[in-house]
Amino acid sequence: MRHLMSPLDFTTEELEQLMDLADDMRLHPEQYADACHGKKLATCFYEPSTRTRLSFEAAMLNLGGSVLGFSSADSSSAAKGESVSDTIRVISSYADICAMRHPKEGAPLVASSHSRIPVINAGDGGHQHPTQTLTDLYTIRSLNGSIGNLTIGLCGDLKFGRTVHSLINALVRYPNIKFILISPEELRIPEYIREDVLDRNEIPYVEMERLEDAMPQLDILYMTRVQRERFFNEEDYLRMKDFYILNSEKMTLAKDNMMVLHPLPRVNEISVEVDDDPRAAYFKQAQYGVYIRMALIYTLLEVQPC
Ligand code: NCD
């Protein structure tokens with residue numbers, strides 16, 4: 001039995017297979033409409049979510065399976081003090097696979113060690129968000145043809161943004177990737193990512209504060225929201241929240257084929273006027289999240305092709 005805790009749990013070859021499967025599911029949905037008939041996905045979300053939870057649920061429904069779960073800690077027995085290990089023990093007898101989001105780093109990992117069903121980390125605190133990374137990689141491969149030979153700008157809250165941490169972890173395994181890390185001083189990438197991931201893999205990167213300076217060099221701009229819920233005080237958040245606003249004027253500085261990605265939800269960091277720019281790919285990205293999650297559920301449940 002396999003869980004998904006980090007994007008590194010799959011080799012790059014396995015990721016290619018997963019993306020090939022997602023392509024097939026996107027092109028031939030009818031062939032997979034009953035693939036998970038009789039199987040149940042539990043979505044255990046102790047933190048807010050729109051896309052991740054609903055795309056997991058849509059994915060399972062597209063595969064002919066069923067879903068059950070809770071969407072906030074308050075509506076689960078966590079509010080009564082139950083541990084994740086007890087919860088997953090019980091859920092293991094109600095469902096066949098579980099996607100879990102939790103505000104504490106490592107909680108899905110703890111759950112996986114007490115689970116009799118595959119557990120998928122659907123975001124743990126400021127740590128990792130592997131299925132968003134699968135979505136990001138799949139979007140890049142689908143729209144760009146391949147993953148590699150790219151200069152990628154990651155912009156915004158690089159300190160608390162778990163999607164950024166997971167994406168860097170995954171991208172360093174592809175050829176000729178360069179990063180431009182664009183953030184205010186206080187929201188720079190954590191030291192462990194800089195040293196253990198970028199430096200250790202000898203990945204070229206620069207850190208800068210001005211988005212305008214980075215724009216002309218980028219093949220992909222990955223915007224992120226300032227993670228309000230992880231700040232220690234509201235004043236710091238208010239000071240930082242509108243540090244970056246991508247608008248049409250800044251888009252004029254970018255390459256004609258640059259791709260703008262964002263895991264969403266956006267707050268103010270991308271003006272709505274950018275939505276109509278053909279380079280804006282974030283809504284497509286959210287849509288692709290369903291296909292790659294279908295492929296993931298299918299793979300972890302070890303469904304045999306009929
Ligand atoms: C992200 C998350 O939860 O980390 N959202 C998502 O899953 N698409 C990004 C965010 O909340 O800013």
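Residues numbered from 1 in each chain as written. Predicted model: local features only at pLDDT ≥ 70, side-chain atom pairs only at ≥ 80, totals over all residues. Heavy atoms only, no water.

A. Expanded view of the pattern of salt bridges. Within the structure shown, the criterion is met by 22 salt bridges. Across the pair Arg141 and Glu16 runs a salt bridge whose closest N-O atoms are separated by 2.8 Å. Here Arg141 is found in helix 5 (residues 130-144), whereas its partner Glu16 is found in helix 1 (residues 12-27), with 125 residues between them in sequence. Owing to a relative accessible area of 12%, Arg141 belongs among the buried residues under this scheme. On the basis of relative accessibility, which here comes to 30%, the residue Glu16 falls in the partly exposed class. (Salt bridge = Lys/Arg side-chain N within 4 Å of Asp/Glu carboxyl O. Helix = DSSP H or I, 4+ residues; strand = E, 2+ residues; numbered from the N terminus. Buried < 20%, exposed > 50% of the residue type's maximum accessible area, 1.4 Å probe, protein only.)

B. Expanded view of the nonpolar core. By size, the foremost hydrophobic cluster in this structure holds 61 residues, and its most contacted members are Leu137, Leu154, Ile168, Leu171, Phe179 and Ile297. Per-domain counts for this core show at least three residues from each of domain 1 (7-128 + 289-300) and domain 2 (130-286). Every residue in contact with Leu171, bar those within four places of it in the chain, is listed here: Leu137, Ile147, Ile152, Ile177 and Phe179. Residues Cys155, Leu218, Met251 and Ile270 belong to the second largest nonpolar core, which totals 20 residues. (Core = buried A, V, L, I, M, F, W, Y, C linked by side-chain atoms within 4.5 Å. Domains from an automatic or database assignment. Contact = heavy atoms within 4.5 Å.)

C. Broad picture of the site of the ligand. Lining the immediate environment of the ligand, one finds Thr52, Arg101, His129, Gln132, Arg162, Thr163, Arg225, Gln227, Pro263, Leu264 and Pro265. Note that a nitrogen atom of the ligand is positioned 3.0 Å from one of the backbone N or O atoms of Leu264. For the ligand, the protein covers 94% of the area, taking 320 Å² as the surface of the free molecule. Residues belonging to the shell around the ligand are distributed by class as follows: three nonpolar, five polar and three charged. (Near = heavy atom within 4 Å. Polar contact = N/O pair within 3.5 Å; in protein donor to acceptor, adjacent residues only side chain to side chain. Areas by Shrake-Rupley, 256 points an atom, 1.4 Å probe, with all protein chains shown as cover. Nonpolar A, V, L, I, M, F, W, Y, C, P; charged D, E, K, R; others polar.)

D. Quick peek at the side chain of Thr139. Looking at the element boundaries, Thr139 is found in helix 5. Taking relative accessible area as the criterion, Thr139 reaches 0% and is therefore assigned buried. If near-sequence neighbours (up to four positions away) are discounted, Thr139 is found in contact with Asn144, Leu261, Gln285 and Tyr288.

E. View of the domain arrangement of the chain. Entries for the chain in the domain assignment read domain 1 (7-128 + 289-300) and domain 2 (130-286). Across the boundary between the two partners, domain 1 contributes 34 residues, which contact 26 residues of domain 2. Between domain 1 and domain 2, the buried area comes to about 2,500 Å², and carbon and sulfur atoms account for 54% of it. Applying the counting criterion to the domain 1 and domain 2 interface returns five salt bridges. Here Glu47 makes a salt bridge to Arg162, at a shortest N to O gap of 3.1 Å. The interface formed by domain 1 and domain 2 includes 19 residue pairs in polar contact (both at pLDDT 80 or more). Listed by contribution, the elements that provide at least two residues to the side of domain 1 that touches domain 2 are helix 1, helix 2 (51-62), strand 3 (97-102), strand 4 (119-124) and helix 11 (282-300). Looking at the side of domain 1 that touches domain 2 residue by residue, the classes come out as 14 nonpolar, 11 polar and nine charged. (Buried area = accessible area lost by both parts, 1.4 Å probe.)

F. Spotlight on helix 11. Along its 19 residues, helix 11 runs 26 Å from first to last C-alpha, staying within 8% of the 27 Å computed at 1.5 Å per residue. In terms of residue burial, helix 11 counts as a mostly covered element, since 14 of its 19 residues are buried. Directly beyond the C-terminal end of helix 11, a positive phi value near 55° is found at Glu302. (Expected span 1.5 Å × (residues − 1).)

G. Quick look at the pairing of strand 6 (residues 177-182). The buried fraction of strand 6 is high, at five of six residues. Sheet topology places strand 5 (residues 150-155) next to strand 6; six bridges connect them, and they run parallel. Bridge pairing in strand 6 places Gly153 opposite Ile180. The parallel pair strand 5 and strand 6, bridged by helix 6 (residues 162-171), forms a crossover whose chirality is right-handed. Pairing analysis gives four bridges linking strand 6 to strand 7 (residues 205-208), with the strands arranged parallel. Pairing of Ile180 across the sheet is with Val206, part of strand 7. Taken together, strand 6, helix 7 (residues 191-199) and strand 7 form a β-α-β motif whose crossover is right-handed. (Pairing = 2+ DSSP bridges. Right-handed = clockwise from strand over helix to strand, strands pointing away.)

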